Amino acid sequence: MPAVTPPPIARVDLRQVLREAAGGTFPAADGGFSRATPWGDGVEAAVAFTGHAVLVVGEDVSDEHLRSLGVHGLGGAHDPRATVDLAGQGEIGILDALLVGRGTGGAGTGAQSILVDRPDLAQSHRAQHAAQWRHDIRVYGLADPARTALVTLGRGIAGLPELGLQADDGSADELLAGLLSLVPAGDVVLASVSPGNARSLRFFLRRGFVPVGSVQLWHPAR
C-alpha cells in the first residue's frame, strides 16, 4: 500500500485562541497541536492548554519536522529536546504559567492614573527582560523618583497586552491597579509567571488573574 500522507497541521490565530480562553472557551483537549504564525520578528513560542498545544514557529519549520520532534498536546509541546531543536543557538526563555486578566479602563475615561512614565527605570532588570521578549514596551512607576518599583506594558504573546511587575516596597497593588486602568475595560491582559515564583503567582491569582495554560518563548537561531 502507498504511504498515507498525514494532513497538514491546522493553523490557528493564537490571539483569538487566547481571547476565547480568557472567556472560558478552550481548544479541544484532543492531545494534538496546532500552528500559529509568529506575532513579531525574532520570537517563537510553545503555548500549551489542557490537552492541546499551539506551536508558534516560522514557515521554515515543516509540519513533518514538528511531528518528528514528538510534539503533542499532552505535555510534549514543552519537551526540552523539542525546544532546543527549534531554538537552535538562540536564547530560550523560562517556562511560565500563562495568566489572563482584564483591563479596567479607568484612565481612559479621564480618571487620573497613579502611574507616570519612568524612563529612568528602563535599564532595570525587569524592564530589560520585558524588552527582550515583547515589543513597544512602556515603563511606568510612581511619581516619587526615589521609588524604583515599576510595571511594564507591551505587546506580548500573540500581540496582546502583557505586563510585568517588580515591587518590593508594598506598592504592587497600586501598580497593578494603575496599569489595568490604562487598558480599555474588558480587554485581555496577559501575565507570564514562573510557577516557582509562588509569591507572584499567588499575588496575581488573588487579584483576579486566571491561569489558562503555559508558555515558553525562544529567539530562533536555526
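The preceding data block contains the structure.
These numbers come from a predicted model, not from an experiment.

Caption draft 1: Representation of the overall build of the chain within the structure. Scanning the chain from N- to C-terminus turns up six helices and ten strands. Expected size for 222 residues packed as a compact globule is a radius of gyration near 17 Å; at 19 Å, the chain falls within 12% of this value. A burial count over the chain gives 48% of its 222 residues as buried. For the chain, contacts bridging at least 24 residues in sequence account for 67% of all contacts bridging at least 6. Looking at the chain as shown, the accessible area adds up to about 10900 Å², and 55% of this sits on carbon and sulfur atoms.

Caption draft 2: Representation of unusual backbone geometry. The phi dihedral of Asp-136 is positive, around 55 degrees, even though this residue is not glycine. Relative to the helices and strands, Asp-136 is located in strand β6 (residues 135–141). The backbone phi angle of Ala-158 is positive, close to 60 degrees, even though this residue is not glycine. You can call Ala-158 buried: its relative accessible area is 7%.

Caption draft 3: Here's a closer look at the nonpolar core. Leu-163, Leu-165, Leu-175, Leu-176, Leu-179, Phe-204 and Phe-209 are the most contacted members of the largest nonpolar core, which has 24 residues in total. Leaving out residues up to four positions away in the same chain, Leu-163 has contacts with Arg-134, Thr-152, Leu-176, Leu-179, Leu-180, Val-189, Leu-190, Ala-191, Phe-204 and Phe-209. By size, the runner-up hydrophobic cluster in this structure holds 23 residues, among which are Leu-18, Val-54, Ile-157 and Leu-160.

Caption draft 4: Inspection of the environment of Ala-22 at higher detail. Here Ala-22 shows up in helix α1 (residues 14–22). For Ala-22 and Pro-8, which are 14 residues apart along the polypeptide, the C-alpha to C-alpha distance reads 27 Å. Residue contacts for Ala-22: discarding those within four places in its chain leaves Val-100, Arg-102 and Val-188.

Caption draft 5: Fine view of the pairing of β6. Relative to β6, strand β5 (residues 116–117) is paired through two bridges, and the arrangement is antiparallel. Its bridge partner being in β6, Val-116 is matched across the sheet by Gly-141.

Caption draft 6: Quick peek at the environment of Asp-187. Here Asp-187 shows up in the loop between α5 (172–181) and β9 (188–193). Ignoring anything within four residues of it in the chain, the contact list for Asp-187 reads Gly-101, Arg-102 and Gly-103.

Caption draft 7: Structural context of the packing of aromatic side chains. Per the counting criterion, the structure on display carries two aromatic pairs. Judged by centre distance (5.3 Å) and plane angle (80 degrees), the ring pair of Phe-203 and Phe-204 falls under edge-to-face. Taken individually, Phe-203 and Phe-204 each receive the classification buried, so the pair is uniform in this respect. Relative to Phe-209, the ring of Phe-204 lies with its centre 5.1 Å away and its plane at 75 degrees, an arrangement referred to as edge-to-face. In this pair, the class of Phe-204 matches that of Phe-209, namely buried. Among the aromatic side chains, those forming a connected cluster through ring pairs are Phe-203, Phe-204 and Phe-209.

Caption draft 8: Highlighting the pattern of salt bridges. All told, the structure shown has twelve salt bridges when counted by the stated rule. Taken together, the salt bridges that share partners define one network made up of Arg-11, Arg-35, Glu-59 and Asp-63.

Caption draft 9: How the structure looks around the pairing of strand β8 (residues 161–166). As paired elements, strand β7 (residues 150–155) and β8 share six bridges and run antiparallel to each other. Looking at the pairing, Leu-153 lines up with Leu-163 of β8. The hairpin turn running from β7 into β8, its antiparallel successor, is five residues long, and Ala-158 in that turn takes a positive phi close to 60 degrees. Taken together, the two bridges between β8 and β9 define a ladder with parallel strand orientation. In the sheet register, Glu-162 faces β9, and the bridge partner there is Leu-190.

Caption draft 10: Main features of α1. All of the buried residues along α1 are Leu-14, Val-17, Leu-18 and Ala-21. Along the axis of α1, the buried positions cluster into a sector of 95 degrees, meaning they face one direction only. Residues of α1 that are buried sit in contact with β1 (33–36), β2 (44–49), β3 (52–56), β4 (96–102), β9 and β10 (210–218). The opening residue of α1, the one whose side-chain oxygen lies 3.1 Å from the backbone nitrogen of Arg-15, is Asp-13. Gly-24 sits one or two residues past α1 and shows a positive phi near 95 degrees.

Conventions and cut-offs
Residues numbered from 1 in each chain as written. Predicted model: local features only at pLDDT ≥ 70, side-chain atom pairs only at ≥ 80, totals over all residues. Heavy atoms only, no water. Helix = DSSP H or I, 4+ residues; strand = E, 2+ residues; numbered from the N terminus. Rg over C-alpha atoms; globule rule 2.2 N^0.38 Å. Buried < 20%, exposed > 50% of the residue type's maximum accessible area, 1.4 Å probe, protein only. Contact = heavy atoms within 4.5 Å. Areas by Shrake-Rupley, 256 points an atom, 1.4 Å probe, with all protein chains shown as cover. Core = buried A, V, L, I, M, F, W, Y, C linked by side-chain atoms within 4.5 Å. Pairing = 2+ DSSP bridges. Phe/Tyr/Trp six-rings, centres within 6.5 Å; stacked < 30°, edge-to-face > 60°. Salt bridge = Lys/Arg side-chain N within 4 Å of Asp/Glu carboxyl O. Arc of directions from axis to C-beta. Polar contact = N/O pair within 3.5 Å; in protein donor to acceptor, adjacent residues only side chain to side chain.

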